[in-house]
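# Notes for the structure review
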Amino acid sequence: GAGVSQSPSNKVTEKGKDVELRCDPISGHTALYWYRQSLGQGLEFLIYFQGNSAPDKSGLPSDRFSAERTGGSVSTLTIQRTQQEDSAVYLCASSSMVPYEQYFGPGTRLTVT
Amino acid sequence: SQQGEEDPQALSIQEGENATMNCSYKTSINNLQWYRQNSGRGLVHLILIRSNEREKHSGRLRVTLDTSKKSSSLLITASRAADTASYFCATDRLTYTGANSKLTFGKGITLSVRP
């Protein structure tokens, strides 16, 4: 079946602009995760949605970052007033309750100029 | 905060040799997973080992888990040039609801397999 998809694959934006990144999880997966990976670094957890529960937003770096998940499926990560330090690859993953393996999308490479 | 930490940070071996990568973590875990990332691509899940398991095999991969030492190792046998990638360990903790919790990743190990 189809894997996790993300769009756009690349995004270049000017400092101060808002951006929206989209994630389509695997159909039927109840959990959806957003991570950020800076050049040569590991993955930084951002936010996690599980079913109808309140999302775990503990990893969002500032209030410029927000995310929503509509209808328990598609998710959008929004970054307002982008800064250069926001430049990174943003990865989305989904998983079912059991097993706990996460399936990752190809990522969106965001460059803030 | 960093949970999993891998070592070495970089490993270069000859094709056909075995590659051993280690991961240590700090708090109690539910599961430990290993992922691979090819340059500029998304992560691919390799193997999951539960906290009550000690060893697991999948093809040329062997994972061990020592919860008393809070460490895991990933062994790739008979390495191939195509195994060149970054490898990450990731841990999750059991939540009160039993549902998935977020994964905490290490910074990764860069494996280079020379043909």
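Refer to the structure presented above.
The text that follows walks through the structure, step by step, so that each part is easy to find. Here the structure is a predicted model, which means the values were calculated and not measured.

## Some remarks on the pairing of strand 6 (residues 65-69) of chain A
Remember that side chains alternate between the two faces of the sheet whenever the strand is regular. Residue and element names in this part refer to chain A. Judged by which residues are buried, strand 6 turns out to be one-sided: Phe65, Ala67 and Arg69 face inward and are buried, whereas Ser66 and Glu68, on the alternate face, are not. Sheet analysis places strand 6 next to strand 7 (residues 75-79), joined by five bridges and oriented antiparallel. The residue bridging serine 66 from the neighbouring strand is threonine 78, located in strand 7. Counting the residues between successive antiparallel strands, the hairpin from strand 6 to strand 7 contains five residues, one of them, glycine 71, with a positive phi of roughly 60 degrees.

## Here's the deal with the interface of chain A and chain B
Counting residues at the interface gives 24 residues for chain A and 22 residues for chain B. For the pair chain A and chain B, the summed buried area comes to about 1700 Å², and 54% of that belongs to carbon and sulfur atoms. A per-residue breakdown of the area chain A buries against chain B is headed by Leu43, Tyr100 and Phe104 of chain A, which together make up 33% of the total. On the surface where chain A and chain B come into contact, there are zero salt bridges. Seen at the junction of chain A and chain B, the total is two residue pairs in polar contact (both at pLDDT 80 or more). Taken together, the elements giving at least two residues each to the side of chain A that touches chain B come down to strand 4 (31-37), strand 5 (43-50) and strand 8 (88-95) of chain A. Partitioning the side of chain A that touches chain B into residue classes produces 12 nonpolar, nine polar and three charged.

## Regarding the state of the cysteines
Applying the stated criterion to the full structure yields two disulfides over all chains. One disulfide bridge connects cysteine 23 of chain A with cysteine 92 of chain A, the sulfur atoms lying 1.8 Å from each other. Its torsion about the S-S bond being -65 degrees, the disulfide of cysteine 23 of chain A and cysteine 92 of chain A is classed as left-handed. With cysteine 23 of chain A in strand 3 (residues 19-24) and cysteine 92 of chain A in strand 8, the pair connects residues that are 69 residues apart, well separated along the chain. Each sulfur in the disulfide pair cysteine 23 of chain B and cysteine 89 of chain B lies 2.0 Å from the other. Because the sign of the S-S torsion sets the handedness, a value of about 65 degrees for the bond joining cysteine 23 of chain B and cysteine 89 of chain B places this disulfide among the right-handed ones. Of this pair, cysteine 23 of chain B sits in strand 3 (residues 19-24) while cysteine 89 of chain B sits in strand 9 (residues 85-92); the two residues are 66 residues apart in sequence, bridging distant segments of the chain. Pair check on accessibility: cysteine 23 of chain B and cysteine 89 of chain B agree, each one buried.

So, how was this worked out
- Residues numbered from 1 in each chain as written.
- Chains lettered and ligands numbered in written order.
- Predicted model: local features only at pLDDT ≥ 70, side-chain atom pairs only at ≥ 80, totals over all residues.
- Heavy atoms only, no water.
- Buried < 20%, exposed > 50% of the residue type's maximum accessible area, 1.4 Å probe, protein only.
- Helix = DSSP H or I, 4+ residues; strand = E, 2+ residues; numbered from the N terminus.
- Pairing = 2+ DSSP bridges.
- Contact = heavy atoms within 4.5 Å.
- Buried area = accessible area lost by both parts, 1.4 Å probe.
- Salt bridge = Lys/Arg side-chain N within 4 Å of Asp/Glu carboxyl O.
- Polar contact = N/O pair within 3.5 Å; in protein donor to acceptor, adjacent residues only side chain to side chain.
- Nonpolar A, V, L, I, M, F, W, Y, C, P; charged D, E, K, R; others polar.
- Disulfide = S-S within 2.5 Å.

In short, the description is geometric, and any link to function would need to be established separately.
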